[in-house]
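Overview (structure and organization)
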Amino acid sequence: MYVIASPDEYLAITGAGVKSVKITKSAWVWPFQRCQRFSIQPHDYSMNLQAMTREKLQFLLPVVFTVGPNVTKESNAPNPHHDPEHPEADHGDSLLQYAMLLAEGEAKKGVSRSQHIENIVKGIIEGETRVLVSSMTMEEIFQEREEFKRRIFRNIQSELGQFGLKIYNANVKELRDAPQSSYFESLSRKAHEGAINQARIDVAEAQRRGNVGEAQRQGEQNREIAKINAETAVQKTERDSERAEAEATLATRKTVFNRDVNIAQIEATRATESRDEELRREVETKRAHTELERLRASDVVKATIAREAKQQAADAKLYEEQAKANAALFAEQKAADAHAYKLRIQAEAQYLAAAKEAEAQLLRQQKEAAGLSAMAGAYADLSKALGGPAGLIQYMMIEKGVYTDLARANADAVRGLNPKMTIWNTGSQAGHEGNNGEGPSGGMGGVESIRNMYQMLPPLMSTINEQTGITLPEWQFGKLASQISDRETTGKQIGGINGQK
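Here's a quick rundown of the structure. Computed from a prediction, not measured in an experiment: that's the story for all the values here.

**Quick word on helix α7 (residues 389–399)**
Every buried residue of α7 is accounted for by G391, L392 and M396. Seen from one end, α7 has its buried residues packed into an arc of 135°, which puts them on one side. Residues of α7 that are exposed and angled more than 90 degrees away from the buried face: A390, I393 and I398. At the exit of α7 stands G401, carrying a positive phi of roughly 75°.

Dropping the structure here:
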């Protein structure tokens with residue numbers, strides 16, 4: 001009977017004509033021969049190994065191995081776990097070894113072939129892994145993960161090779177804590193807390209950089225705005241200065257024109273008045289001559305004596321009238337000249353005053369414009385130098401005279417009180433003023449000091465009476481100053497006392 005195996009199967013033939021076992025994909029099975037099919041498909045073996053490191057640290061090592069029979073002597077597929085320093089053994093009889101392993105499993109009762117192979121594979125994997133882990137530290141396992149994986153693969157493959165098995169894939173999962181152990185949990189918590197703390201530090205550093213950058217940008221913006229405002233103020237001050245200068249020039253020219261017009265008007269008025277006076281004088285003279293001729297014509301028949309008398313009287317009157325007219329004319333001419341001179345002087349004074357005032361106004365405005373231009377650029381530096389806006393405000397109050405105005409207002413508040421002060425002299429000069437030049441020896445001798453004290457009381461009482469309206473008793477403080485006699489006031493000698501005058 002001709003038997004053909006499936007693509008994932010091989011045939012194991014024993015019996016007549018076969019020395020040991022014949023492995024093939026197809027063959028004639030003759031009588032007295034036995035044919036057994038076996039699969040060459042790999043199987044996955046997952047285990048959760050509990051191992052202990054060299055530091056006596058227990059942990060769980062989850063691993064998954066894909067193991068199957070080695071069907072070829074040499075494989076053309078790349079093997080990532082191949083170690084060039086430890087070449088693999090010749091697998092020419094791998095299928096034969098695998099078939100004998102299956103036959104051994106069938107010989108055991110109660111155990112299937114797959115269960116038998118699984119027990120062998122898991123035993124080899126668990127033993128080799130524990131041996132390898134016990135020779136390494138936990139730090140070496142973490143840092144040399146790939147080397148750890150290659151060593152496991154190499155050690156296990158060397159043991160499985162004698163059964164015709166091959167490791168097609170080995171996967172070592174993440175290490176986990178063994179029961180009643182928290183080593184990896186503590187490491188994870190430590191790494192987690194470190195990451196959180198580092199994240200907080202990074203966030204704080206980013207916030208600090210953001211705040212500093214924002215403050216820098218805000219400062220640059222404020223400086224640019226202040227610079228633009230200062231330039232605008234300087235340009236505005238220059239325009240105001242130019243406008244003020246033009247207005248001052250216009251006012252000066254208007255003043256000159258008005259002066260010339262006023263002088264011309266005054267000169268014309270004075271010339272008209274002078275001509276009018278001259279014509280009036282001529283009219284009066286002609287009138288007088290006409291009157292004289294009329295009188296002469298009317299009185300020609302009168303006597304020569306009367307005519308001569310009247311002629312003398314008329315001559316005298318004419319002379320007197322002429323003298324009065326000349327005097328009046330001279331006086332009016334002098335008054336007109338004085339008035340014209342006074343007006344001319346006043347016009348010149350007003351012109352000079354207006355010109356000086358215009359020049360002073362122009363100079364003041366130029367100085368103010370220059371000062372404003374300088375102050376516009378210096379206010380920022382002055383504020384920094386004085387310690388801030390408060391110092392600048394105090395400086396401006398002193399500069400603008402605010403404290404002086406406050407002192408002046410306080411003085412005006414007490415100005416209406418009108419205090420009255422009375423000063424009198426009780427010395428030696430007070431007693432000698434009415435003594436007609438007599439020396440001190442002509443006085444009252446030893447009673448000089450008593451008299452001075454007595455002379456002090458009346459002015460004092462008068463001052464108290466004027467300021468308060470209170471009159472003190474005479475018997476206690478003496479008389480008022482207005483009630484004192486000449487003898488008491490001046491100390492002058494009276495007849496019959498201390499000698500006769």
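**Some words on the side chain of R270**
On the secondary structure map, R270 appears in helix α5 (residues 183–298). Beyond its immediate stretch of four places on either side in the chain, R270 contacts A336, H339, A340 and L343.

**Examining the nonpolar core**
Of all hydrophobic cores here, the largest spans 38 residues; its most connected members are F38, L61, F65 and F148. Residue assignment for this core shows that the elements contributing at least two residues are β2 (9–15), β6 (43–52), β7 (58–69), α1 (94–107), α2 (113–134), α3 (138–143), α4 (145–160) and β8 (165–172). Per-element tally for this core: the top contributor is α2, with 7 residues. When residues no more than four places from it in sequence are discounted, the contact partners of F65 are H43, D44, Y45, I125, I152, I156, I167, N169 and A170.

**Let's talk about the packing of aromatic side chains**
Inspection of every chain in the model, using the stated rule, returns 2 aromatic pairs. Members of the aromatic cluster, connected to one another through ring pairs, are Y2, W28 and W30. For R259, the ring lying beneath its charged end belongs to Y351, and the centroid distance is 3.6 Å.

**Let's talk about the packing of α2 against α4**
Between α2 and α4, the least distance of the axes is 9 Å, while the angle of their chain directions is 135°. The pairing of α2 with α4 is recorded here as oblique in orientation. Where α2 crosses over α4, the two elements pack in a sense that is right-handed. Counting all contacts with α2, which are made through V121, I124, I125, E128, T129, L132 and V133, the residues of α4 involved are F148, R151, I152, N155, I156, E159 and L160. Among the residues forming the contact of α2 with α4, the class breakdown is 9 nonpolar, 2 polar and 3 charged.

**So, the sheet that holds β2**
Read across the open sheet, the 3 strands follow the order β3-β2-β5; overall the sheet is antiparallel. Two strands in the sheet have a free side with no partner beyond their single neighbour: β3 (22–24) and β5 (33–39). Across the sheet, the mean angle from the axis of one strand to that of its neighbour is 25°, orientation sign disregarded.

**Thoughts on the pattern of salt bridges**
One pass over the full model with this rule turns up 20 salt bridges. Of the charged contacts in the structure, one is a salt bridge between K324 and E320, with a shortest N-O distance of 3.4 Å. Here E320 and K324 lie together in helix α6 (residues 304–385), a separation of 4 residues that amounts to about one turn. Via salt bridges that share partners, E205, R208 and R209 belong to a single interconnected network.

Scoring rules and cut-offs
- Residues numbered from 1 in each chain as written.
- Predicted model: local features only at pLDDT ≥ 70, side-chain atom pairs only at ≥ 80, totals over all residues.
- Heavy atoms only, no water.
- Buried < 20%, exposed > 50% of the residue type's maximum accessible area, 1.4 Å probe, protein only.
- Helix = DSSP H or I, 4+ residues; strand = E, 2+ residues; numbered from the N terminus.
- Arc of directions from axis to C-beta.
- Contact = heavy atoms within 4.5 Å.
- Core = buried A, V, L, I, M, F, W, Y, C linked by side-chain atoms within 4.5 Å.
- Phe/Tyr/Trp six-rings, centres within 6.5 Å; stacked < 30°, edge-to-face > 60°.
- Lys NZ or Arg CZ within 6 Å of the ring centre and 35° of its normal.
- Axes fitted to C-alpha atoms, helices over the stretch in contact; angles between N-to-C directions.
- Parallel < 35°, antiparallel > 145°, perpendicular 65-115°, else oblique.
- Left-handed = near helix turned anticlockwise from the far one by under 90°.
- Nonpolar A, V, L, I, M, F, W, Y, C, P; charged D, E, K, R; others polar.
- Pairing = 2+ DSSP bridges.
- Salt bridge = Lys/Arg side-chain N within 4 Å of Asp/Glu carboxyl O.

Limitation: the analysis is restricted to geometry and does not speak to function.
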